[in-house]
Protein chains: 2
Amino acid sequence: MPDTAHPKTDSNGFSVTTGELPGSKKIYVTSERMDDVRVPMREIHLHPTANEPPVRVYDTSGPYSDPAAEIDIYKGLPPLRQNWVEGRGDVERYTGRDIRPEDNGNVDDKYLAPEFPVKVQPLRARDGKAVTQLAYARAGIITPEMEFVAVRENLARAQAAEEAAKTARDGEDFGAEIPDFITAEFVRDEIARGRAIIPVNINHPENEPMIIGRNFLVKINANIGNSAVTSSIAEEVDKMVWATRWGGDTVMDLSTGRNIHNTREWILRNSPVPIGTVPIYQALEKVDGVAEDLTWEIYRDTLIEQCEQGVDYFTIHAGVRLAFIHLTAKRVTGIVSRGGSIMAKWCLAHHKENFLYTHFEDICEIMKAYDVSFSLGDGLRPGSIADANDEAQFAELRTLGELTKIAWKHDVQVMIEGPGHVPMHKIKVNMEEQLKHCHEAPFYTLGPLTTDVAPGYDHITSAIGAAMIGWFGTAMLCYVTPKEHLGLPNRDDVKAGVITYKLAAHAADLAKGHPAAQIRDDALSRARFEFRWEDQFNLSLDPETARDFHDQTLPKEAHKVAHFCSMCGPKFCSMKITQEVRDYADGLTDNQKRDLERMSEEERERGMAEMSAEFKKRGSEVYLPAEKTPGPAE
Amino acid sequence: MPDTAHPKTDSNGFSVTTGELPGSKKIYVTSERMDDVRVPMREIHLHPTANEPPVRVYDTSGPYSDPAAEIDIYKGLPPLRQNWVEGRGDVERYTGRDIRPEDNGNVDDKYLAPEFPVKVQPLRARDGKAVTQLAYARAGIITPEMEFVAVRENLARAQAAEEAAKTARDGEDFGAEIPDFITAEFVRDEIARGRAIIPVNINHPENEPMIIGRNFLVKINANIGNSAVTSSIAEEVDKMVWATRWGGDTVMDLSTGRNIHNTREWILRNSPVPIGTVPIYQALEKVDGVAEDLTWEIYRDTLIEQCEQGVDYFTIHAGVRLAFIHLTAKRVTGIVSRGGSIMAKWCLAHHKENFLYTHFEDICEIMKAYDVSFSLGDGLRPGSIADANDEAQFAELRTLGELTKIAWKHDVQVMIEGPGHVPMHKIKVNMEEQLKHCHEAPFYTLGPLTTDVAPGYDHITSAIGAAMIGWFGTAMLCYVTPKEHLGLPNRDDVKAGVITYKLAAHAADLAKGHPAAQIRDDALSRARFEFRWEDQFNLSLDPETARDFHDQTLPKEAHKVAHFCSMCGPKFCSMKITQEVRDYADGLTDNQKRDLERMSEEERERGMAEMSAEFKKRGSEVYLPAEKTPGPAE
């Protein structure tokens, strides 16, 4: 398929996938309240015989899927939010921090990756103000970002919402408060209450605002990032675009090797979704990988470096407290979070409290000046089924709750990271404890994996846990790829991870009873029932794989209109028979239906009578021995 | 990998995969009570540095994974159960029914598939006796089949069971009664109560007995079968062997095209696991695909044909009653079960009650003479999220409960089929209704799929539902492959489906708190933590894929012993750091731990004090506007 086959690479190795998805049209819906708020969506058009309107779906792919957009990786995406940010009059441009050799791991020039060609002075808040969506929300201000997500969450589907309002909600939301229709005021209120966040650094104007909260659609994050061992900038930019094409709501750049700074710059300037990072990874590179040598000053410097670049949220492992570390000693897999283990090592080496904890208020001061959101890291999360829900994990979670309140006092947006590896019967309590101790701040979990026995399939072992915890209330699910625990994901793994998590998040939305979530399922089911193969492919989360699988069995074009499928063949098709059954049944009068009932009742009586006659006739033979044990006949 | 790369095919196109799995040894454990009961198991051997015993796992692969076994597809497998069956002295050989042209769909000679070379006279019960495991169980008899499954379920792990007995059960079993140790008497009692079945046709002596019940390990079924459109006998035999190699506990032959009889014979004679069928498929072929032309006589003849061949369980759609059919008229996807739609069409064409219902006792009389188990089909199961849990589905389920009691009176073993397509919040009630109306007969569900939007990934949309309903109490999960709804599964799809369902079933066993279920997870987690890569691969459900994924990133052999992984690189490895943390923490005295607590408490106090000072200082600025809305500070 041309539109997603890996495109030609340029002389620097850059290449990203562009173009509309099969059967789809990129549209923009303009807000009725703010005419510079144009929200991208995708419309899937159905076959005329369907006689149905196009199905509108949430679109994370940015300008790359817009045939009218000019994509130039060397220029970056248009700064969608520039005027909104500057229009608020509370920010200033300034001479940012100079890029230093250690920012790229002191790599030799011959290995140094190219800088991003365009340089812009960074913005920051004027005179100590908080320029965060939380500050505006608390001040009663509805920002364009809030209006954007309101239109986006509804897919501008007021009508569907009206229908939803008429019918009883079908779902179990475990105490969430999902409205029939998302208004900008509802968005503002949820943010003001700390129940949702919009991760939007003022220095990432390319970012199309999205919201993370229990009362909104469940979101997914895709991890990318090069490592000390392998992979290049071009690969990572390609993966970022590829991940958002298939539905990644945010992307975390977990790069750990050389060229971290330059890699991140290329990703940010070309990313239509929020970018998250784990700043301690880069800080560690700056001290040549020796955890003991980390200092607050180096970490602080790294935070500012990344704030100025435009990172939208930081994973910060401030809950890994000195007193908790020994609680992990008896674990099967100890501390598996990279950030967590680095901080644990630092704490023990110096026998001091975690400096991310002691300097937490200083961190808040920095983040509020750029509107970077906290993703409070679960550095002590379990790394195996055996370690799930232990005291180390929950002690840290309670600390993250304390820190949430401190961050909120500084008007900094917060979400909370969760596990990890958890068997099914221990998943729900994770959500309950998080709600209880973290004051309803959004939960952001990795999976969880529900068993450890399937390396190579951990996108699936974790999709089970992810769908469940998403249903229980987790706001964003961090994907796991088939390569988890084994290797670095390539673009095929990234797609497998994204599609798997999209279906898990959607299953959660259905179970929560999210209004209109079922529209796509129903449209696809009708297409399936009516043998509209093209519609069935196009409505799928992955149209190309669906088509490809169909064509492996029935390649002929004719079969895509044929009223039978490869499973049964032309003469033997349940769907076909069902249609006849339906036509017949539709013709029944109520009287005929009553007759049917009566007739079947008589049949049943007769059946039972025969049965008991049979019972008597054979009783002695069968039931004498049976008396030895309570049989079903008793 | 030589042992599972597709082997060379012979002149007739036959080829099956043989040999041990990586790092594994095929063993046989002889019963202490019956020395002709030798139970196959697989031992996964770990690296000497692990200093751990081999991990024993449940083995469904039959003689194919035994290097000592001579495999000859043309002879079939050795008749393991022959002496057990004939030793009971209640069966007789007789001249079976002649094979007729219609048995193979009246195919022209040039398309007729070869008959299986070896012919054996079939067995049947003497003078109307019931020769079923249920009849023996009720009579208080412990059969070799029961002893076999008792040893098999425990993996002969008395010691692990003792440990399990000592520690509190970690799991939620929703009222199941899973003992710490499975005795043959427990097996007998569960069968006598109808809570478990051992599907073992007396004419399938090659079948290694396995048990299906809520208080045993969760099982999985793999569907194979050719169709009117495509595929050959050799392919199907290969798929059967391939499916059991990776963990298929039973296999259903859903063939629908020509050569049904001969295809089934080759499969049965070479199958170490129970084979299930849907007899109405073949009956329909005998009337040239015209449902209205079906008669009880043709169906009865087909049942006997398949009983004599050795089919272990029949899906019979006796619950599709005339009075229920119109209840499906308003559905989005009507009737999607093939068998269900055939019977619905017949009922309406003749305006008569389903002949499978009216002749149910006659069917019992036939099945008890061969010990074929019922899999009471859910012909009215929902085919989409929109149709889940509707009255048509539950009306049929209640009927299946009535039929269960009738079958039990004839000493015929029964399991109940379940959906299908069900959103997460509607899954549990399916299990509850089934337990309530079907008297605890084992539940056997297809998935369920938890969303309809991901054709191409329905092994995953359904693994979510399968893991959940398995946890709730479903005894066997019918797999779904990536090709579901799109095409016929090839051998790669069969493997993907089997591995996906094995991990879902295992996740369910963990959540139920099945004793010793976690042994494999823990062994793998320790291997992961200690960088025993080979052990990690070998302990995986799919060692080859795990190894392959690892090698894609770090091909060098050296890396398989290196104490770091591709995600972090040598200097930056959380596992490595954690080991140091652990060594340190292990050295702490209790006093030191107390000091840590105190110190951290002081830190916390200080943090809070600073925070509230900050709060006062900035309060007026931040909180006046905030009063507009209830902020987290309130």
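Residues numbered from 1 in each chain as written. Chains lettered and ligands numbered in written order. Predicted model: local features only at pLDDT ≥ 70, side-chain atom pairs only at ≥ 80, totals over all residues. Heavy atoms only, no water.

Looking up chain A in an unreviewed UniProt entry gives the name Phosphomethylpyrimidine synthase, with the organism given as Eilatimonas milleporae. Quoted verbatim from the Catalytic activity (unreviewed entry) heading of the UniProt record, the comment on chain A is "5-amino-1-(5-phospho-beta-D-ribosyl)imidazole + S-adenosyl-L-methionine = 4-amino-2-methyl-5-(phosphooxymethyl)pyrimidine + CO + 5'-deoxyadenosine + formate + L-methionine + 3 H(+)". (UniProt positions renumbered as here; feature names shortened; annotations may be inferred.)

1. Notes on the overall build of chain A
A count of helices and strands for chain A gives 22 helices and 15 strands. In chain A, which comprises 634 residues, the share counted as buried stands at 68%. Taking as baseline every contact in chain A between residues at least 6 positions apart, the subset at least 24 positions apart corresponds to 75%. Working note: accessible area of chain A is about 20700 Å², and carbon and sulfur atoms make up 52% of it. (Helix = DSSP H or I, 4+ residues; strand = E, 2+ residues; numbered from the N terminus. Buried < 20%, exposed > 50% of the residue type's maximum accessible area, 1.4 Å probe, protein only. Contact = heavy atoms within 4.5 Å. Areas by Shrake-Rupley, 256 points an atom, 1.4 Å probe, with all protein chains shown as cover.)

2. Describing helix α11 (residues 338–350) of chain A
Residue and element names in this part refer to chain A. Compared with an ideal rise of 1.5 Å per residue, which puts 13 residues at 18 Å, α11 spans 19 Å between its outermost C-alpha atoms and is within 8% of the ideal. Summarising burial for α11: 11 of the 13 residues are buried, a large majority. Among the residues making up α11, those that are buried are Arg 338, Gly 339, Gly 340, Ser 341, Ile 342, Met 343, Ala 344, Lys 345, Trp 346, Cys 347 and Leu 348. His 351, located one to two residues past α11, shows a positive phi value of around 45 degrees. (Expected span 1.5 Å × (residues − 1).)

3. Let's talk about the layout of surface pockets
Residue and element names in this part refer to chain B. The calculated volume of the largest pocket comes to roughly 1200 Å³. Residue assignment for the lining of the largest pocket shows that the elements contributing at least two residues are β2 (38–44), α1 (82–87), α7 (260–269) and α9 (296–309). When grouped by side-chain class, the residues that make up the lining of the largest pocket number 22 nonpolar, 11 polar and 17 charged. (1 Å grid on protein atoms, 1.4 Å probe; cavity = no way out; pocket = protein on both sides within 12 Å on 5 of 7 lines; lining within 4 Å. Points joined across faces, edges and corners; volume = space filled by probe spheres on them. Nonpolar A, V, L, I, M, F, W, Y, C, P; charged D, E, K, R; others polar.)

4. Comments concerning the UniProt feature "domain: ThiC-associated" (unreviewed entry) in chain A
Taking the numbering used here, the UniProt-annotated feature "domain: ThiC-associated" (unreviewed entry) corresponds to residues 21–92 of chain A. Its end C-alpha atoms 40 Å apart, residues 21–92 of chain A is made of 8% helix and 28% strand.

5. As for the packing of aromatic side chains
All names here are of chain A. For the coordinates displayed, the defined rule picks out 32 aromatic pairs over all chains. Ring centres of Phe 174 and Phe 472 lie 5.2 Å apart, and the angle between their planes is 85 degrees; this geometry places the pair in the edge-to-face category. Note that Phe 174 is positioned in the loop between α4 (158–166) and α5 (184–192) and Phe 472 in helix α16 (residues 458–472), a separation of 298 residues in sequence. Residue classification places Phe 174 among the partly exposed positions, given a relative accessible area of 25%. Phe 472 gets classed as buried once you look at its relative accessible area, which sits at 8%. Ring plane angle 40 degrees and centroid distance 6.2 Å describe the contact between Trp 533 and Phe 537, whose orientation is recorded as tilted. Placement of both Trp 533 and Phe 537 in helix α19 (residues 533–539) is noted, with a separation of four residues, approximately one turn of the helix. Accessibility classification places Trp 533 together with Phe 537 in one group, the buried group. A network of ring pairs unites the aromatic residues Phe 14, Tyr 74, Phe 116 and Trp 266 as a single cluster. Here the basic side chain of Arg 321 rests over the ring of Tyr 357, its NZ or CZ set 4.0 Å away from the ring centre. (Phe/Tyr/Trp six-rings, centres within 6.5 Å; stacked < 30°, edge-to-face > 60°. Lys NZ or Arg CZ within 6 Å of the ring centre and 35° of its normal.)

6. Let's talk about the pattern of salt bridges
A complete count under the given rule lists 92 salt bridges over all chains for this structure. With its nearest N and O atoms 2.9 Å apart, the salt bridge here joins A:Asp170 to B:Lys426. Residue A:Asp170 is located in the loop between α4 and α5, and its partner B:Lys426 is located in the loop between β13 (414–418) and α15 (427–437); the two belong to separate chains. Judged by its relative accessible area of 37%, A:Asp170 falls in the partly exposed class. One salt bridge connects A:Lys368 with A:Glu365, and the closest N-O pair in it is separated by 3.3 Å. Of this pair, A:Lys368 and A:Glu365 both sit in helix α13 (residues 360–368), three residues apart, which is roughly one turn of the helix. (Salt bridge = Lys/Arg side-chain N within 4 Å of Asp/Glu carboxyl O.)

7. A few points about the pairing of strand β8 (residues 219–224) of chain A
Residue and element names in this part refer to chain A. With respect to burial, β8 is a largely interior element, six of its six residues being buried. Residue alternation in β8 divides its side chains into two sets, Lys 219, Asn 221 and Asn 223 and Ile 220, Ala 222 and Ile 224, and both sets are buried. In this sheet, strand β15 (residues 476–478) lies alongside β8 in parallel orientation, the contact comprising three bridges. Looking across to β15, one finds that Asn 221 is bridged to Cys 478. Inspection of the sheet shows β8 paired to strand β9 (residues 250–253) by four bridges, in the parallel sense. Counted as the bridge partner of Asn 223 is Met 252 from β9. (Pairing = 2+ DSSP bridges.)

8. Examining the packing of helix α9 (residues 296–309) of chain A against α13(A)
What describes two packed helices is the angle between their axes and the distance between those same axes. All names here are of chain A. Contact pair α9 / α13: the axes reach a minimum separation of 10 Å and the direction vectors enclose 20 degrees. When the axis of α9 is compared with that of α13, the two are roughly parallel. As α9 runs across α13, the sense of the crossing is right-handed. Along its contact with α9, which presents Trp 296, Tyr 299, Arg 300, Leu 303, Ile 304 and Cys 307, the element α13 presents Asp 362, Ile 363 and Ile 366. Its residues placed into classes, the contact of α9 with α13 shows seven nonpolar, no polar and two charged. (Axes fitted to C-alpha atoms, helices over the stretch in contact; angles between N-to-C directions. Parallel < 35°, antiparallel > 145°, perpendicular 65-115°, else oblique. Left-handed = near helix turned anticlockwise from the far one by under 90°.)

9. Some thoughts on the packing of helix α6 (residues 233–245) of chain B against helix α17 (residues 491–512) of chain B
All names here are of chain B. Remark: α6 packs on α17, axes separated minimally by 9 Å, with the N-to-C direction vectors making an angle of 25 degrees. Taken together, the axes of α6 and α17 lie roughly parallel to each other. Crossing geometry of α6 relative to α17 is assigned as right-handed. From α6, Asp 238, Lys 239, Trp 242 and Ala 243 reach across to α17, where they touch Arg 491, Asp 492, Val 494, Lys 495 and Val 498.

10. A closer look at the sheet that holds strand β2 (residues 38–44) of chain A
All names here are of chain A. Strand order in the open sheet made by the three strands is β1-β2-β3, with antiparallel pairing throughout. The outermost strands of the open sheet, each flanked by one partner alone, are β1 (24–30) and β3 (55–58). On average, each strand axis in the sheet is inclined to that of its neighbour by 40 degrees, with strand direction left out of account. For β1 and β2, the ladder comprises seven bridges, and the chain directions are antiparallel. Among the inter-strand pairings, Val 29 is bridged to a residue of β2, identified as Val 39. Where helix α3 (residues 144–154) meets the sheet, it contacts β1, β2 and β3, and its direction lies at approximately 10 degrees from that of β2.

11. Some thoughts on the sheet that holds strand β14 (residues 443–446) of chain A
Residues and elements named next belong to chain A. One closed barrel holds the eight strands; their spatial order is β8-β9-β10-β11-β12-β13-β14-β15, and the pairing between them is parallel. Going across the sheet, the axis of each strand differs from the next one's by a mean of 25 degrees, ignoring polarity. In the sheet, strand β11 (residues 313–316) pairs with strand β12 (residues 373–376) via four bridges, with the strands oriented parallel. If you follow Thr 315 over to β12, its bridge partner there is Ser 375. Sheet strands touched by α13: β11 and β12. Its angle to β12, the strand with the most contacts, is close to 140 degrees.

12. Overview of unusual backbone geometry
In the segment running from A:Pro419 into A:Gly420, the intervening peptide bond is cis, with an omega of 0 degrees. By secondary structure assignment, the location of A:Gly420 is in the loop between β13 (414–418) and α15 (427–437). A positive phi is found at B:Asp371, a non-glycine position, where the angle reads about 55 degrees. Along the chain, B:Asp371 turns up in the loop between α13 (360–368) and β12 (373–376). For B:Asp371, a relative accessible area of 1% translates into the label buried.

13. Section: the pairing of β11(A)
All names here are of chain A. Every second residue of β11 is oriented toward a common face, with Tyr 313 and Thr 315 on one face and Phe 314 and Ile 316 on the other, all of them buried. Here two bridges tie strand β10 (residues 275–277) to β11, and the two strands are oriented parallel to one another. In the sheet register, Gly 276 faces β11, and the bridge partner there is Tyr 313.

14. Observations concerning the environment of B:Ala441
All names here are of chain B. Along the chain, Ala 441 falls in the loop between α15 and β14 (443–446). Once the C-alpha coordinates of Ala 441 and Ala 475 are considered, the two residues, 34 residues apart in sequence, prove to be 9.4 Å apart. Apart from the residues lying within four places of it in its own chain, the contact partners of Ala 441 are Gly 194, Thr 404, Trp 408, Val 414, Ile 416 and Gln 434.

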